[in-house]
Amino acid sequence: MVDEDHSRPSKNLAPIDGDQAARSSKLAVGHRRLRPSVMIMTKVVLNFKTYSEATGAEALKLSRICEEAKDQYDVEIAVAVQAPDIRLISENVSIPVYAQHVDGVGFGGFTGSITAAAVKAAGATGTLINHSERRLRLAEIEASISACRAAGISAIVCTNNVPTTRAAASLKPDYVAVEPPELIGSGIPVSKADPGIVTGSVEAVKRIEPSVGVLCGAGISRGEDLRAALDLGSEGVLLASGIVKAKDQKAALEDLLSGIRR
Ligand SMILES: O=C(CO)COP(=O)(O)O
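Residues numbered from 1 in each chain as written. Predicted model: local features only at pLDDT ≥ 70, side-chain atom pairs only at ≥ 80, totals over all residues. Heavy atoms only, no water.

The name given to the protein chain in an unreviewed UniProt entry is Triosephosphate isomerase, and the organism recorded there is Methanothrix harundinacea. UniProt, in the comment section headed Sequence similarities (unreviewed entry), describes the protein chain in these words: "Belongs to the triosephosphate isomerase family." Looking at the protein chain in UniProt, the text filed under Subunit (unreviewed entry) is "Homotetramer; dimer of dimers." (UniProt positions renumbered as here; feature names shortened; annotations may be inferred.)

Asks: Would you mind going over the nonpolar core in detail, with residue names and values included?
Replies: Judged by nonpolar contacts, the single largest core of 69 residues is most densely connected at Phe48, Leu253, Leu256 and Leu257. Not counting the four nearest positions on each side in its chain, Leu253 is found in contact with Ile65, Cys66, Ala69, Ile77 and Ile243. Within the second largest apolar cluster, 11 residues are counted, among which are Ala78, Ala80, Tyr98 and Leu215. (Core = buried A, V, L, I, M, F, W, Y, C linked by side-chain atoms within 4.5 Å. Buried < 20%, exposed > 50% of the residue type's maximum accessible area, 1.4 Å probe, protein only. Contact = heavy atoms within 4.5 Å.)

Asks: An account of the UniProt feature "active site" (unreviewed entry) in the protein chain is needed here, citing residue identities and associated values.
Replies: UniProt marks His131 and Glu179 with the feature "active site" (unreviewed entry), using the numbering shown here. Spanning 49 residues, the named residues nonetheless gather at one spot, since no C-alpha pair among them exceeds 8.6 Å. Positionally, His131 belongs in the loop between β4 (126-129) and α5 (138-151). When neighbours within four sequence positions are excluded, His131 is seen to be in contact with Asn47, Lys49, Cys158, Glu179 and Ile184. Separated by 3.5 Å, the side chains of His131 and Asn47 make a polar contact. Positionally, Glu179 belongs in the loop between β6 (175-178) and α7 (190-193). Relative accessible area serves as the criterion here: at 4%, Glu179 is assigned to the buried category. Apart from the residues lying within four places of it in its own chain, the contact partners of Glu179 are His131, Ser132, Thr159, Asn160, Ile184, Gly217, Ala218 and Leu238. (Helix = DSSP H or I, 4+ residues; strand = E, 2+ residues; numbered from the N terminus. Polar contact = N/O pair within 3.5 Å; in protein donor to acceptor, adjacent residues only side chain to side chain.)

Asks: Explain the site of the ligand residue by residue, including any values.
Replies: Around the ligand sit 13 residues in total, of which Lys49, His131, Gly185, Gly219 and Ser241 are the nearest. A distance of 2.8 Å separates an oxygen atom of the ligand from a polar atom in the backbone of Gly219. The backbone of Ala240 places a nitrogen or oxygen atom 2.8 Å from an oxygen atom of the ligand. Protein contacts shield 100% of the accessible area of the ligand, which totals 310 Å² for the unbound molecule. When its residues are assigned to classes, the shell around the ligand shows six nonpolar, five polar and two charged. (Near = heavy atom within 4 Å. Areas by Shrake-Rupley, 256 points an atom, 1.4 Å probe, with all protein chains shown as cover. Nonpolar A, V, L, I, M, F, W, Y, C, P; charged D, E, K, R; others polar.)

Asks: Could you give an account of unusual backbone geometry, naming the residues involved and the relevant values?
Replies: Of note in the backbone geometry, Lys49 takes a positive phi value of approximately 45° without being a glycine. Take Lys49: it is sitting in the loop between β1 (42-47) and α2 (57-70).

Asks: So what's going on with the UniProt feature "binding site: substrate" (unreviewed entry) in the protein chain? Residues and values would help.
Replies: The UniProt entry lists Asn47, Phe48, Lys49, Ile184, Gly219, Ala240 and Ser241 under the feature "binding site: substrate" (unreviewed entry), expressed in the numbering used here. For this annotated set, covering 195 residues, all C-alpha atoms fall within 14.4 Å of each other, a compact arrangement in space. Looking at the element boundaries, Asn47 is found in strand β1. When its relative accessible area of 3% is taken as the criterion, Asn47 is described as buried. Leave out the neighbours within four places in its chain, and Asn47 touches Ala80, Gln100, Leu128, His131, Leu238, Leu239, Ala240 and Val244. When you line up the elements, Ala240 lands in the loop between β8 (236-239) and α10 (241-244). Ala240 has contacts with Leu46, Asn47, Lys49 and Tyr51, leaving out every residue within four places of it along the chain.

Asks: I'd like a rundown of the sheet that holds strand β7 (residues 213-217), residues and numbers included.
Replies: Strands pair in a sheet through their backbones, by hydrogen bonds, and they do so in one of two ways: parallel or antiparallel. An order of β1-β2-β3-β4-β5-β6-β7-β8 is seen for the eight strands of this closed barrel, with the pairing classed as parallel. Between one strand and the next, the sheet's axes are offset by a mean angle of 25°, whatever the strand orientation. Strand direction decides the pairing type here: strand β2 (residues 75-80) and strand β3 (residues 97-99), joined by two bridges, are parallel. For Ala80, the partnering residue across the bridge sits in β3 and is Tyr98. Contacts from α2 reach β1 and β2, with the element oriented near 170° to β2. (Pairing = 2+ DSSP bridges. Axes fitted to C-alpha atoms, helices over the stretch in contact; angles between N-to-C directions.)

Asks: Account for the confidence of the model for the protein chain, naming residues and giving values.
Replies: Of all residues in the protein chain, 84% have pLDDT values of 70 or greater, and the mean over the chain is 88. Low pLDDT, under 50, characterises residues 1-37; the predicted model gives this stretch 78 contacts beyond four residues in sequence or across chains. (pLDDT = per-residue confidence, 0-100.)

As structure tokens, then:
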């Protein structure tokens, strides 16, 4: 949860991974981020949470489905998996593997913590931070982002409304992902039920820190939900149950990806 701590992000720590390279090329075209003036590859981040259908061997199976599906579309699909599954998945698929959380601590006496360095060593190229199901205070978010920069992995900071998006953007993560908590797991897509939170977040980020990408999520599952999210100015979506818990995960993913402009 964002509190009133106005901590500043650390400077001079540059993330250097595939995501960052893609983002640099966006910057090279003059910080113009609005579709369709700039071709930005759609980003789909599938959060495996702790669903049984996406844990251990099942997580690998679903990651392989994502890997196969992405080749047919102009899309980057990343999977955000439980920390103990990062190595298994990153060693067996070529798509980006993200952690679901990292703590803003380094090496030392921090028993039970998840460090950016450790998830990177296990093969992760990025992480979610401050998911609604794993909220942090502002100072903790800043520390986590700094740890990601130091380790060279991407940071997607989740937010729950426009003011929180604004606060998160000022910390300059790679992305913010706005997700109204009441729509998470509801099957009611944010892009249709609450379009204002998406456009408001895009506007806020553009004004504060245009280099930060904007994703949205909650209730997204169909191609039309993804298309609506892109039409609202989002660069992609963060989603979970619509794919993870689908009877046929491959068919559900193909339906989702059908929303991408070709
Ligand atoms: O929390 C989410 C992704 O991080 C959204 O979850 P659902 O896609 O299940 O609504």
